[in-house]
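The lines below spell out each chain.
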Amino acid sequence: MSDEHVARASPSARQGFRVLVVDDDADMAAFLAMLLQKEGLSVETAEDGESALARVHASPPDLVLLDVMMPRTSGFEVCRRLKSEESTALIPVVLVTALEDSQSRVQGIEAGADDFLSKPVKREELVARVKTLRRLHETRKELESRRLAAEVQRKEAIRKAFSRYISPRLAERIADGGEQGNPFQGRAQRTSLVALFADLRGFTRMTEKTEVVSVVGMLNEYFGVLTEAAYQHDGTIFNMAGDSLLVGFNVPFPQPDAAERAWHTALDMVERFTPVASDWQARHGLALGIGIGICAGEAILGNVGSEHYANYTIIGNPVNTAARLMQLAAAGEVLLCGPVFERIRHLVAGHAVEGRGDVTLRGRSEPIAVYAVRAAARAAA
């Protein structure tokens, strides 16, 4: 039976359990293929080791029936190569051999063979071995399928949990094992970061003039806009209270361009909120805008709270300073501390920039340099 004839097995058969018979003796290969096909199996043949390897890699079978004594590449070598590669290691391999000495058996075991058949091959023994390995293979596939399903569920659970704090891209990296462990379960640490605080100007007036249900809906829309902007630049959301949002950069993972990310996030926040504010003004007669403060420095990162309730948050001078700057910022304005401004000076061209000089903020003993940037429109490209 030729390779071409065997390859023409019906589509329904070929979708079932597939066996690759490898033997340089065409008559023996055809004989084994005939026996297996009578059992309803889909069979292909290969005439030597190298063509067998090519077939396996092109379309992995469910079992390989492999002659040992072949020219150029022996069955031992083919088996060894299949078992050494992750993509083919689980394919059962049965060595068909006329060698009866124990040394040959040991060599086959060392190569990774799953079973042996002695020549001349007996039909009953062949069928029994193949049926046993078929059950084993199907069990392996079922276990692997369950393992993969469990892994998908685990990753999805991680993504859902972490996406409440960090951008989907960062959550994906954690779920895929791209980061070392779970950063939210680590010990508190002192680290350099950039803190961004955003706040809704006119929020108090909105709560006084608008119905409760509408206020909640508007806040959800507002925070949705800000969150999308933060996630767009891989910011980590640490706090959402009232109408204020705290976003950190360079935490919990390093971001050498943290200041730039914070600046682009501020621009996106203002830009994304502009049509929302216009709609609110038309429907509710409210003139609202976003004020933003950004500062950089060392702060403490970790879980703060009790055994009953805790927040993963950032604490320290840059966070407090960003909050104070946010309180001073007008609608559509971003206030930057000196270190942040110096890092993004090249990015603010095209925006109205005003140096406020050294300002002593509440809670600070020494003044800091403050810069105000109007972020109502992006710079021209």
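For the structure, check the block above.
Rules used throughout
- Residue numbering note: each chain is counted from 1, following its sequence as written.
- Side-chain atom pairs in this predicted model are given and counted only at pLDDT of 80 or more, local residue features only at pLDDT of at least 70, and totals for whole chains, interfaces and linings cover all residues.
- Calculation of side-chain values draws on the structure's entire complement of heavy atoms; hydrogens and water are dropped beforehand.
- Each helix is a run of H or I in the DSSP string that is no shorter than four residues. Each strand is a run of E no shorter than two, and both are numbered from the N terminus.
- To estimate the expected span of a helix, subtract one from its residue number and multiply by 1.5 Å.
- Burial here depends on accessible area, computed with a 1.4 Å probe over protein chains only, as a share of the maximum for the residue type. Under 20% is buried, over 50% is exposed, and the range in between is partly exposed.
- Pairing of N or O atoms within 3.5 Å defines a polar contact, subject to two protein rules: one partner must be a possible hydrogen donor and the other a possible acceptor, and residues neighboring in sequence count only if both atoms are side-chain atoms.
- Two strands are counted as paired when DSSP detects at least two bridges linking them.
- Every axis corresponds to a line fitted to the C-alpha atoms, with the helix fit spanning only the stretch in contact, and the corresponding angles, defined between N-to-C directions, vary from 0 to 180 degrees.
- Residues are treated as being in contact if the distance between any of their heavy atoms lies within 4.5 Å.
- The aromatic pairing rule takes the rings of Phe, Tyr and Trp, using the six-membered ring of Trp, and pairs them if the centres are within 6.5 Å, calling planes under 30 degrees apart stacked, those over 60 edge-to-face and the rest tilted.
- Note on terminology: angles under 35 degrees are roughly parallel, angles over 145 are roughly antiparallel, angles of 65 to 115 are roughly perpendicular, and the others are oblique.
- Helix crossings are classified by the rotation of the near helix relative to the far one: an anticlockwise turn of less than a right angle makes the crossing left-handed, while a clockwise turn makes it right-handed.
- In plain words, nonpolar cores are sets of buried Ala, Val, Leu, Ile, Met, Phe, Trp, Tyr and Cys residues tied together by side-chain atoms within 4.5 Å.
- Put simply, a salt bridge is a Lys or Arg side-chain nitrogen that is within 4 Å of an Asp or Glu carboxyl oxygen.

Help me understand helix α3 (residues 26-38), please; the structure alone is not making it clear to me.
In an α-helix, one turn spans 3.6 residues, which is why side chains three or four residues apart end up on the same side. Over its 13 residues, α3 extends 18 Å from the first C-alpha to the last, a length consistent with the 18 Å expected when each residue adds 1.5 Å. Among the residues making up α3, those that are buried are A29, A30, L32, A33, L35 and L36. Residue D25 occupies the N-cap position of α3, its side-chain oxygen lying 3.0 Å from the main-chain nitrogen of D27. Where α3 terminates, the next one or two residues include G40, which has phi positive at roughly 85°.

Would you take a moment to explain the sheet that holds strand β5 (residues 115-118) for this structure?
Pairing is parallel across the open sheet formed by five strands, whose spatial order is β2-β1-β3-β4-β5. Only two strands of the sheet have a single neighbouring strand rather than two, namely β2 (42-46) and β5. Averaged over all pairs of adjacent strands, the angle between their axes in this sheet comes to 20°, without regard to strand direction. Strand contacts of helix α4 (residues 49-58): β1 (18-22), β2 and β3 (63-67), with the helix running at about 140° to β2, the strand carrying the most contacts.

Looking at this model, I keep getting lost on unusual backbone geometry. Mind explaining?
What you tend to see is this: most non-glycine residues have negative phi, and most peptide bonds are trans. In the segment running from K119 into P120, the intervening peptide bond is cis, with an omega of -5°. Here P120 shows up in the loop between β5 and α7 (123-162). Here the amide bond leading from V251 into P252 is cis, since omega sits at -5°, within 30 degrees of zero. Its location among the elements puts P252 in the loop between β8 (244-249) and α11 (258-284). Even without being a glycine, R72 presents a positive backbone phi close to 65°. Here R72 lies in the loop between β3 and α5 (75-84). Judged by relative accessible area, which is 72%, R72 ranks as exposed. Phi at D234 is positive, roughly 60°, even though this residue is not glycine. Mapping D234 onto the fold places it in the loop between α10 (212-232) and β7 (236-241).

How do you make sense of the packing of aromatic side chains when you look at a structure like this?
Across all of its chains, the model carries four aromatic pairs by this definition. For the ring pair Y222 and F223, a centre distance of 5.0 Å and an interplane angle of 55° mean the geometry is tilted. Grouping residues by exposure puts Y222 and F223 together as buried. Taking 5.8 Å as the distance between ring centres and 80° as the angle between the ring planes, the aromatic pair formed by Y222 and F273 counts as edge-to-face. Of this pair, Y222 sits in helix α10 while F273 sits in helix α11, and the two are 51 residues apart along the sequence. Residue Y222 is classed as buried on the basis of its relative accessible area, which comes to 0%. Taken together, Y222, F223, F273 and W280 form an aromatic cluster joined through their ring pairs.

Would you take a moment to explain the packing of α10 against α11 for this structure?
A packed helix pair is summarised by two numbers, namely the angle formed by the two axes and the spacing between the axes. At a closest axis distance of 8 Å, the pairing of α10 and α11 adopts a crossing angle of 160°. In terms of orientation, α10 lies roughly antiparallel with respect to α11. As α10 runs across α11, the sense of the crossing is right-handed. In this structure, α10 uses M218, E221, Y222, V225, L226, E228, A229, A230 and Q232 to contact α11, whose residues at the interface are T265, D268, M269, R272, F273, V276, W280 and H284.

Which parts of the structure should I look at to understand the nonpolar core?
As a rule of thumb, soluble globular proteins bury nonpolar side chains together. Core analysis: the biggest nonpolar cluster contains 70 residues, and M206, M269, I292 and I294 have the highest contact counts within it. Take this core: its biggest share by element is 12 residues, from α11.

Looking at this structure, I do not really get the environment of E44. What am I missing?
Mapping E44 onto the fold places it in strand β2. Accessibility expressed as a relative area gives 13% for E44, which makes it buried. A sequence separation of 20 residues divides E44 from V64, and the C-alpha atoms of the two residues are 9.7 Å apart. Within polar-contact distance, the side chain of E44 engages the side chain of R55 at 3.3 Å.

Help me out: how do you make sense of the pattern of salt bridges in this one?
Between side chains of opposite charge, pairing is possible as soon as their charged atoms come close. In total, this model carries 21 salt bridges according to the counting rule given. A salt bridge links D23 to K119; the nearest nitrogen and oxygen atoms lie 3.5 Å apart. Of the two residues, D23 sits in the loop between β1 and α3 while K119 sits in the loop between β5 and α7, which places them 96 residues apart along the sequence. Residue classification places D23 among the buried residues on the basis of a relative accessible area of 3%. Of the charged contacts, one joins R146 and E142 as a salt bridge, the two residues approaching to 2.9 Å between their closest N and O atoms. Taken together, the positions of R146 and E142, both in helix α7 and four residues apart, correspond to about one turn of that helix. When its relative accessible area of 39% is taken as the criterion, E142 is described as partly exposed. Among the charged side chains, a salt-bridge network with shared partners connects R18, E44 and R55.

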